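Read off the chains here:
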Amino acid sequence: MINFDEIPKCIINLPTRPERLKQAEEELPKFFNNTSYTLIEGVVDKTSKLGIAKAHTNCIEYAKNNNFPNILIMEDDVIFRDGARKYADECIKYIPKDYDILLGGLYDSLKLESTNDFWNKTERFCGLHFYIVNEKAYDKILAYNGETHIDKYMVRFAQLDCYVTKKHFAIQRIGFSDNVKRHVDYSKLLERFELL
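A quick note: this is a predicted structure, and the numbers were derived from the prediction, not measured.

**Thoughts on the overall build of the protein chain**
Inference 1: For the protein chain, the count of helices and strands is 6 helices and 14 strands.
Inference 2: Here the protein chain holds 196 residues, and 51% of them are scored as buried.
Inference 3: Here the protein chain has roughly 9600 Å² of accessible surface; of this, 47% comes from carbon and sulfur atoms.

**So, unusual backbone geometry**
Inference 1: Although it is not a glycine, Asn-67 sits at a positive phi angle of roughly 55°.
Inference 2: Along the polypeptide, Asn-67 turns up in the loop between helix H2 (48–65) and strand S3 (70–75).
Inference 3: By relative accessible area, Asn-67 is classed as exposed at 65%.
Inference 4: For Gln-159, which is not glycine, the phi torsion reads 55° and is therefore positive.
Inference 5: Relative to the helices and strands, Gln-159 resides in the loop between helix H5 (150–156) and strand S9 (162–165).

**Structural notes on empty space enclosed by the protein**
Inference 1: Applying the stated criterion across every chain yields a total of 1 cavity of 30 Å³ or more.
Inference 2: Roughly 50 Å³ of internal volume is contained in the largest cavity.
Inference 3: Lining the largest cavity, in full, are Phe-4, Ala-88, Cys-91, Ile-92, Leu-102, Leu-103, Gly-104, Trp-119, Phe-130, Ile-132, Thr-165 and Phe-169.
Inference 4: Among the elements of the structure, helix H3 (84–92), strand S5 (101–103) and strand S8 (130–134) are those that each provide at least two residues to the lining of the largest cavity.
Inference 5: Of the residues assigned to the lining of the largest cavity, the class counts are 10 nonpolar, 2 polar and no charged.

**A closer look at the pairing of S3**
Inference 1: Summarising burial for S3: 6 of the 6 residues are buried, a large majority.
Inference 2: Here S3 shows no split at all, with Asn-70, Leu-72 and Met-74 on one side and Ile-71, Ile-73 and Glu-75 on the other all buried.
Inference 3: Pairing of strand S1 (residues 9–13) with S3, which is carried by 4 bridges, proceeds in the parallel orientation. Among the inter-strand pairings, Ile-11 is bridged to a residue of S3, identified as Met-74.

Rules behind the numbers
Residues numbered from 1 in each chain as written. Predicted model: local features only at pLDDT ≥ 70, side-chain atom pairs only at ≥ 80, totals over all residues. Heavy atoms only, no water. Helix = DSSP H or I, 4+ residues; strand = E, 2+ residues; numbered from the N terminus. Buried < 20%, exposed > 50% of the residue type's maximum accessible area, 1.4 Å probe, protein only. Areas by Shrake-Rupley, 256 points an atom, 1.4 Å probe, with all protein chains shown as cover. 1 Å grid on protein atoms, 1.4 Å probe; cavity = no way out; pocket = protein on both sides within 12 Å on 5 of 7 lines; lining within 4 Å. Points joined across faces, edges and corners; volume = space filled by probe spheres on them. Nonpolar A, V, L, I, M, F, W, Y, C, P; charged D, E, K, R; others polar. Pairing = 2+ DSSP bridges.

In structure tokens form, the structure reads like this:
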């Protein structure tokens, strides 16, 4: 079973945004007893889509090179809801056996299908601010082709089995998005989903 204090974890942060790394570090004790992590630098590329994908695939390469059976990846704008750890520990007891990706939250999904009392299977989702990757999915993610955003790629092209908790315990901080180059507030989008 996955233990959130033992699983290797990465935080993605652009070096030009030290304030966001500080905010992420302040969130860690709200969820983790062991707050150690590996910093993976964000990537600036010709498009935000490619830069974000490269940062996430760098996390996967790090996990693969170290033979980790799974890796927990967080973006620097993650926020944990009250009671997140207690709920997440309960969810982990019931993870679907075929999982490739486990998400602690998302802000868009084409379709959600109930798997059990704690997990929904998701298709074509948006949101990689807090997720766990099973080692069996590493090579498929590393085959990213650049045709779409990496979160959409994971289901549509890589055909990964992706699951999100019924109650989202990790959300994204309101603020300036380096992805879309403007201030973002996903509160309205989150109204479609159940939050912890």
